[in-house]
Amino acid sequence: MIIQKTREEIELMRESALLVSKTLGMIAGEIKPGITTLQLDKMAEQFIRDHHAIPGFLGLYGCPSTLLTSVNEQVVHGLPTARPIEEGDIVSVDCGVLKNEFYGDHAYTFEIGEVAPETKKLLQVTKESLYVGIREFRMGNRVEDVGNAIQKYTEAQGYGVVRELVGHGLGKKMHEDPEMPNYGKRGRGKLFIEGMVVAIEPMINLGTKNIKHLKDGWTIVTADKKPSAHFEHDVAMIDGKPELLSTFAYIYKALGIESDEENEFRKVPLAV
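Residues numbered from 1 in each chain as written. Predicted model: local features only at pLDDT ≥ 70, side-chain atom pairs only at ≥ 80, totals over all residues. Heavy atoms only, no water.

Draft legend 1. Representation of helix H4 (residues 143-155) in the model. Between the first and last C-alpha of H4 there are 19 Å, a value that for 13 residues agrees with the 18 Å anticipated at 1.5 Å per step. Of all 13 residues in H4, ten are buried; the element is thus mostly enclosed. Of the residues making up H4, those classed as buried are Val143, Glu144, Asp145, Val146, Gly147, Asn148, Ala149, Ile150, Gln151 and Thr154. Tucked into the core, H4 has its buried residues touching helix H3 (117-135), strand E6 (160-161), strand E8 (176-180), strand E9 (197-200) and strand E10 (203-205). (Helix = DSSP H or I, 4+ residues; strand = E, 2+ residues; numbered from the N terminus. Expected span 1.5 Å × (residues − 1). Buried < 20%, exposed > 50% of the residue type's maximum accessible area, 1.4 Å probe, protein only. Contact = heavy atoms within 4.5 Å.)

Draft legend 2. Fine view of the pairing of strand E15 (residues 241-244). Pairing analysis gives four bridges linking strand E14 (residues 233-238) to E15, with the strands arranged antiparallel. Bridging from a neighbouring strand, Ile238 pairs with Lys241 of E15. Here E14 folds back onto E15, and the loop between the two strands holds two residues, one of which, Asp239, carries a positive phi near 55°. (Pairing = 2+ DSSP bridges.)

Draft legend 3. Here's a closer look at the side chain of Ser92. Mapped onto the elements of the fold, Ser92 is located in strand E4 (residues 90-99). A polar side-chain atom of Ser92 sits 3.1 Å from a polar atom in the side chain of His230. (Polar contact = N/O pair within 3.5 Å; in protein donor to acceptor, adjacent residues only side chain to side chain.)

Draft legend 4. Inspection of the packing of aromatic side chains at higher detail. Applying the stated rule across the entire model yields eight aromatic pairs. Ring plane angle 75° and centroid distance 5.0 Å describe the contact between Tyr108 and Phe248, whose orientation is recorded as edge-to-face. Here Tyr108 is found in strand E5 (residues 102-111), whereas its partner Phe248 is found in the loop between E15 and helix H5 (249-255), with 140 residues between them in sequence. According to the relative accessible area criterion, Phe248 is buried, its value standing at 0%. With a centroid separation of 6.2 Å and 70° between ring planes, the pair formed by Phe231 and Phe248 is classed as edge-to-face. Taken as a pair, Phe231 in the loop between strand E13 (228-230) and E14 and Phe248 in the loop between E15 and H5 lie far apart in primary sequence, 17 residues in all. Ring-pair connections join several aromatic residues into one group, and the members of that group are Tyr108, Phe110, Phe231, Phe248 and Tyr252. Lying across the ring of Tyr183, Arg163 places its NZ or CZ 5.0 Å from the centre. (Phe/Tyr/Trp six-rings, centres within 6.5 Å; stacked < 30°, edge-to-face > 60°. Lys NZ or Arg CZ within 6 Å of the ring centre and 35° of its normal.)

In structure tokens:
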């Protein structure tokens, strides 16, 4: 059952989402060759607690960390380790917070220095597919309209769309209805309603769509060991249209990137 949120609740969720955004922005300024994902994890936990919130992943389903950090062929749910990040790596950083009794949850895949051209293109197309999917999150559409748009956009470039992992509704629980797959057929799935909030998160592989689970019980990798990209936004249905609650603007500010990619999904310009 989809849980509708009031406008007041959506504004509380915006605060939660933006704290995740600020945390990822802090990480953007720190992630570089030589640093470990364990170090980043500790920074993120302190940052979230300093902002009077609770790390959303830590302890959830037994998760031992604040961040999930997935490097190169790791798709998602990578646990932070003492392995130093290297030049040419890509690192998906997924983060959640619990604030005002509501969760925020989003992710960004970082390029570490100069990455291989084919990997750079994978990241670009995956991030573009996120917004392709968000455009389909509107009144009159259904769940698989979003997934179909993401699937068509990425498979047209020859990439593999992970099937076993999906986006989700978001609210007072980290995972609510509906599940939001990144594949599907138009016109299928639950009908979107006013006031719903979802996390849309394409997980796209350079090669095969197939994945494997590592023995740690968390980390998921591509079956062919080729790189995987992951981008995620929190989106609310307001006046029948998608509105971003999260932002990559703090990341872009830290990295010196200029972008207007989010403008069409925001009624009020975001001051960063």
